[in-house]
Amino acid sequence: MAERARGVAKTIVCACEDVTIGEVRAAFAAGHRDLESLKRYTGLGTGPCQGKSCVALAVRELRRLGATPEEAAPYTVRPPVEPVALGALAAIDPGALASDPGVPRATATATPTPAASPSAAAIPIPVRADVVIVGGGIFGLALAYELCRRGVTDVLVLERSYLNAGASGRNGGGVRAQWSTPTLIRLARRTLHLMERFAVDMGVNVWLRRGGYLFLAPTREQVARIERNAALHAREGLRTRVVGRAEALRIVPELDGSRFLAASWNPDDGVVFPWPFLWGYAGRAAALGASVATFTRVVGFDAAAGRITAVRTDRGRVACDTVVVAAGAWSKEVAALAGVALPNRPTRHEILVTEPLKPWLGPLVSVLGSGLYFSQSLRGELVGGMGDPQEREGVEQGSTLRFLARFARAATALVPALAGVKVVRQWAGCYDVTPDNNPVLGPAGYPNFHQLSGFVGHGFMMAPAVAELYADFLAGRGEDEVIRRFGVQRFATGAVPREDFIIG
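Residues numbered from 1 in each chain as written. Predicted model: local features only at pLDDT ≥ 70, side-chain atom pairs only at ≥ 80, totals over all residues. Heavy atoms only, no water.

Undergrad: Which parts of the structure should I look at to understand the pairing of strand β17 (residues 373–376)?
TA: Within a regular strand, the side chains alternate between the two sheet faces. Where burial is concerned, the two faces of β17 agree: the one with Tyr 373 and Ser 375 and the one with Phe 374 and Gln 376 are both buried. With 2 bridges connecting them, strand β16 (residues 364–367) and β17 associate as antiparallel partners. Within β17, the residue paired with Val 365 across the bridge is Phe 374. Here β16 folds back onto β17 in antiparallel fashion, the turn holding 5 residues, of which Gly 369 has a positive phi close to 100 degrees. Direction of pairing for β17 relative to strand β18 (residues 382–385): antiparallel, over a ladder of 4 bridges. If you follow Phe 374 over to β18, its bridge partner there is Gly 384. The loop that links β17 with its antiparallel partner β18 comprises 5 residues; one of these, Gly 380, has a positive phi angle of about 105 degrees. (Buried < 20%, exposed > 50% of the residue type's maximum accessible area, 1.4 Å probe, protein only. Helix = DSSP H or I, 4+ residues; strand = E, 2+ residues; numbered from the N terminus. Pairing = 2+ DSSP bridges.)

Right under this line is the structure:
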């Protein structure tokens, strides 16, 4: 019988990603009971078939293990319905396609509610915690871990959905030190160091690949821009160089050299797989004493004597000494519940992934001005995105044909050989934008109501470093100048230089 059970455990559920019954069972035992969480934890349904051949088997196994119908509800199938060549998409005129909300979630119950999710409701949230962190993305979880390392272990992280549901699970994975201000360069360099050690320190592989970043400058103005940055980078000790067209083509021979004049090249930048960071931080934080409550929505705050005294959720009230809002694109909405106004402006950013190709692309490539970027994963897929100036403000995560057409036109113009490559999947997340493209840090409105938001599209590559500094601050080890510099009060004085090296 034991031998037969082992054989069943090795049965393949998802042929595209080689996910077995045993892996589904292990994920369920680890608390990933809903299909969306299971997908992110195992990779199930993220391959070319988009779940068509594996969802039914996964649902059947989840139900057998005890999942509710709501937890086993099919996850959102991402467009396109079937793989489509970039060349075909490039033939579509994006100008004829207005920006729209996009393809919505498949069902209203695809994300379990606490009442319908035993994995959430079976574990009651505490009635009190020293520190409550609102937001279970990389910022919230990294901060929880760093606080625990400093002896502050009575920490509760509240996540409105499953882990990796927000921008932390929806980004392109790029990490770079090429910025236009010394502060962000410093933070990014520290993060790259921590990411290099993450597998050793946290026991989770994040697939860091130091293939570099190649920023292409198509105009003389953009060339002058990267030359200014390169001078700053040299003073900061980075290996950034401005290279001519010929050297850029030696780095990526497939580029159409007529599309740019020069490029900024740093071989030390890289790409990671984002999802494992959250599993690593969440697991280590929990092991050190923190609690992580998923499917728990904050609905308000209580205040007395000029301080926040409690967080109210749809699962109960939690008294606390300190609150940290690290909710990404939802931070403005959460802060407003306490009567605190943030200048943050959430906007959608769409991404796609193609079929796997044999390795040909070393760096992440980005075109300044257009916002186009793409890199190649260790499995061979191209992962890329492109911002849209027509995007309206708001938390919107639907997928659009307009994005596919715009990306395909820009990508095939730069690399004509991509015309025959097929898009397998697209998705969307949100940038959390501030007026000067710098974050909002520090207390706002109340001395114990802290903000950790506004990182535009680069929060993932700053979070590990910022979490260290903010944990020191909350643990009474001193306030770094980064926190003072990026306080919300700066918007009244305009004292901080604008960060302009944003892509996407």
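Undergrad: Would you mind showing me how to read the environment of Thr 400 here?
TA: With respect to the secondary-structure elements, Thr 400 resides in the loop between β18 and α13 (401–414). Among the residues examined, Thr 400 registers a relative accessible area of 4% and is labelled buried. Residues Thr 400 and Leu 97 lie 303 residues apart in sequence; the distance between their C-alpha atoms is 9.1 Å. Polar side-chain contacts of Thr 400 include one of 3.2 Å to the backbone nitrogen of Phe 403. (Polar contact = N/O pair within 3.5 Å; in protein donor to acceptor, adjacent residues only side chain to side chain.)

Undergrad: Before we go on, may I ask you to explain the side chain of Asn 164 in this structure?
TA: Its location among the elements puts Asn 164 in the loop between β5 (155–158) and β6 (174–175). Separated by 3.4 Å, the side chain of Asn 164 and the backbone oxygen of Trp 275 make a polar contact. Residues contacting Asn 164, with those up to four places away along its chain left out, are Arg 40, Gly 169, Trp 275, Leu 278 and Trp 279. (Contact = heavy atoms within 4.5 Å.)

Undergrad: I tried to follow the environment of Thr 191 on my own but got confused; where do I start?
TA: With respect to the helices and strands, the residue Thr 191 is situated in helix α8 (residues 182–202). The class for Thr 191 is buried, based on a relative accessible area of 0%. Here the alpha-carbon distance between Thr 191 and Met 462, two residues 271 residues apart in the chain, equals 6.1 Å. Here Thr 191 is in contact with Met 461, Met 462, Ala 463, Pro 464 and Ala 465, once residues within four sequence places are set aside.

Undergrad: Sorry if this is basic, but what is going on with the pattern of salt bridges here?
TA: It is possible for side chains of opposite charge to pair when their charged atoms get near one another. If you walk through the whole model with that rule in mind, you get 27 salt bridges. We note a salt bridge from Asp 256 to Arg 259, for which the minimum N-O separation is 3.7 Å. Connected through salt bridges with shared partners, the residues Arg 128, Asp 130, Asp 154 and Asp 321 form a single ionic network. (Salt bridge = Lys/Arg side-chain N within 4 Å of Asp/Glu carboxyl O.)

Undergrad: How should unusual backbone geometry be read in this particular structure?
TA: Negative phi is the rule for most residues except glycine; trans is the rule for most peptide bonds. In this structure, Ala 305 takes a positive phi of about 55 degrees despite not being glycine. Positionally, Ala 305 belongs in the loop between β12 (298–304) and β13 (307–313). Of note in this structure, Val 456 is not a glycine but carries a positive phi near 55 degrees. When you line up the elements, Val 456 lands in the loop between β21 (446–453) and α14 (463–474).

Undergrad: So what exactly am I meant to see when it comes to helix α11 (residues 275–287) here?
TA: For an α-helix, 3.6 residues make a turn, and residues three or four places apart therefore share a direction. Spanning 13 residues, α11 covers 19 Å between terminal C-alpha atoms, matching the ideal 18 Å at 1.5 Å per step. Taken as a whole, α11 has its buried residues at Trp 275, Pro 276, Phe 277, Leu 278, Trp 279, Gly 280, Tyr 281, Ala 282 and Ala 285. (Expected span 1.5 Å × (residues − 1).)

Undergrad: Help me out: how do you make sense of the environment of Glu 17 in this one?
TA: Following the sequence through the fold, Glu 17 ends up in the loop between β1 (12–14) and β2 (19–20). Glu 17 sits 29 residues away from Thr 46 along the chain, and the two C-alpha atoms are 7.4 Å apart. Excluding its chain neighbours within four sequence positions, the residues that come into contact with Glu 17 are Gly 43, Thr 46, Gly 47 and Arg 379.

Undergrad: How should the sheet that holds β16 be read in this particular structure?
TA: What holds strands together in a sheet is hydrogen bonding between their backbones, with the strands either parallel or antiparallel. Taken in spatial order, the 9 strands of this open sheet run β3-β19-β15-β18-β17-β16-β7-β9-β8, and their pairing is mixed. Only two strands of the sheet have a single partner each, and these edge strands are β3 (84–85) and β8 (241–244). Summarising the sheet, β3 and strand β19 (residues 422–433) pair through 2 bridges and their orientation is antiparallel. Pairing of Val 84 across the sheet is with Val 423, part of β19.

Undergrad: Would you explain a nonpolar patch on the surface in this entry?
TA: A grouping of Trp 207, Phe 273 and Leu 378 is seen on the molecular surface, where their side chains present a nonpolar patch of about 330 Å² in accessible area. By the element assignment, Leu 378 lies in the loop between β17 and β18. (Patch = residues over 30% accessible without salt bridge, like charges linked within 9 Å, V, L, I, M, F, W, Y side chains within 5 Å. Areas by Shrake-Rupley, 256 points an atom, 1.4 Å probe, with all protein chains shown as cover.)

Undergrad: Explanation requested: the packing of aromatic side chains in the structure shown.
TA: Here the distance between the centres and the angle between the planes together describe a pair of aromatic rings. According to the stated counting rule, one finds 13 aromatic pairs in the structure shown. With a centroid separation of 5.1 Å and 80 degrees between ring planes, the pair formed by Phe 198 and Tyr 281 is classed as edge-to-face. Placement of the pair is Phe 198 in helix α8 and Tyr 281 in helix α11, with a sequence separation of 83 residues. Neither Phe 198 nor Tyr 281 differs from the other in exposure class; each is buried. Between the aromatic rings of Phe 277 and Phe 460, the centroid separation amounts to 5.3 Å while the plane-to-plane angle is 85 degrees, which identifies the pairing as edge-to-face. Pair noted here: Phe 277 is in helix α11 and Phe 460 is in the loop between β21 and α14, with a separation of 183 residues, a long-range link. Across the pair, Phe 460 and Phe 277 agree in class, each one buried. Among the aromatic residues, ring-to-ring pairing joins Tyr 145, Phe 198, Phe 277, Tyr 281 and Phe 460 into one connected group. (Phe/Tyr/Trp six-rings, centres within 6.5 Å; stacked < 30°, edge-to-face > 60°.)

Undergrad: Please clarify how the nonpolar core should be interpreted in this entry.
TA: Generally speaking, a soluble globular protein has its nonpolar side chains buried in company with each other. Counting 74 residues, the largest nonpolar core has Ile 133, Phe 277, Tyr 281, Leu 452 and Met 462 as its most contacted members. Element by element, the count of residues in this core is highest for helix α7 (residues 138–149), at 9 residues. Non-local contacts of Met 462, meaning those with residues more than four positions away in its chain, are made with Phe 139, Trp 179, Leu 184, Leu 187, Ala 188, Thr 191 and Phe 455. Counting 30 residues, the second largest nonpolar core, distinct from the first, contains Leu 352, Leu 361, Leu 404 and Ala 408. (Core = buried A, V, L, I, M, F, W, Y, C linked by side-chain atoms within 4.5 Å.)

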